[in-house]
Amino acid sequence: MTVDPAELALDPDCLDPAALPAARRRNVEELRNWAALPPRGAPRRIHLRFFLRPVELLADAGRVGAVRFERTAPDGQGGVRGTGQLVDIEAQLVLRSVGYRGVPLDGLPFDAEHGTVPHRAGRVVREGRTVPGEYVAGWIKRGPTGVIGTNRPDAKETVTSLLADASMLVPKEPSEDPLAVLRAEGFEPVEWGGWEAIERAEAELGSRSGGVEW
């Protein structure tokens, strides 16, 4: 596996990993360790390229032959901006691994440029002010970025804001039984007893197959 050291050095925030949060620091340090490894003569190599945005698939005899990328650079606000510099990389197979782009939700403000709901620490922002009682988490909050582990601190930030606002939130009684509403729509909710049965079955199956028992 190889990493282009020049690409790792593009973001000024990563010049001193010690100043980064723990998870980001470990990622940068690990990538720099990979970049420092000498080639081992293996028949296959993996190249990690950063700060490249796909803009076009280039055909070759009716099939994909290359992918054209635009070089990007940090925008100073946690995102990236295009530089206009194009890079073509040969390819015989293209896999899309970037998630969906957020779409507007009825009743909520929306940032069309980034595909997110404007927020501060998870609190929805309307006309420059946060709104207690309205919160977002996940990709509608930060855009399609990060990995599965990114959702934990993302959700923790939002829940921390919600708990801090708890004293000023007005409790509301549900207008209808939510289970009745779901059943009326043709869904059959799995209640607590059913969930416990599923958990037992999965644990037994994992135990029989030599899996880890939690």
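Residues numbered from 1 in each chain as written. Predicted model: local features only at pLDDT ≥ 70, side-chain atom pairs only at ≥ 80, totals over all residues. Heavy atoms only, no water.

S.K.: Can you lay out the environment of V87 for me, pointing to particular residues and giving the numbers?
M.R.: Turning to its location among the elements, V87 is positioned in strand β5 (residues 80-90). On the accessibility criterion, V87 (16% relative accessible area) is buried. When the C-alpha atoms of V87 and E70 are compared, they prove to be 6.2 Å apart, with 17 residues separating the residues in sequence. Beyond its immediate stretch of four places on either side in the chain, V87 contacts R49, L52, V67, R68 and F69. (Helix = DSSP H or I, 4+ residues; strand = E, 2+ residues; numbered from the N terminus. Buried < 20%, exposed > 50% of the residue type's maximum accessible area, 1.4 Å probe, protein only. Contact = heavy atoms within 4.5 Å.)

S.K.: Hey, could you go over the sheet that holds strand β4 (residues 63-74) for me, with residue numbers and the actual values?
M.R.: Taken in spatial order, the 3 strands line up as β3-β4-β5 in an open sheet, and their pairing is antiparallel. Of all strands in the sheet, those with a lone pairing partner are β3 (52-60) and β5, marking the two edges. Strand-to-strand, the axes of this sheet are offset by a mean angle of 25 degrees, without reference to chain direction. Two elements, β4 and β5, share 8 bridges in a ladder whose sense is antiparallel. For A66, the partnering residue across the bridge sits in β5 and is E90. (Pairing = 2+ DSSP bridges. Axes fitted to C-alpha atoms, helices over the stretch in contact; angles between N-to-C directions.)

S.K.: An account of the pairing of β4 is requested, with residue identities and associated values reported.
M.R.: Pairing of β3 with β4 involves 8 bridges; the strand directions are antiparallel. Looking at the pairing, R53 lines up with E70 of β4. Two successive antiparallel strands, β4 and β5, enclose a turn made up of 5 residues, where G76 displays a positive phi of approximately 80 degrees.

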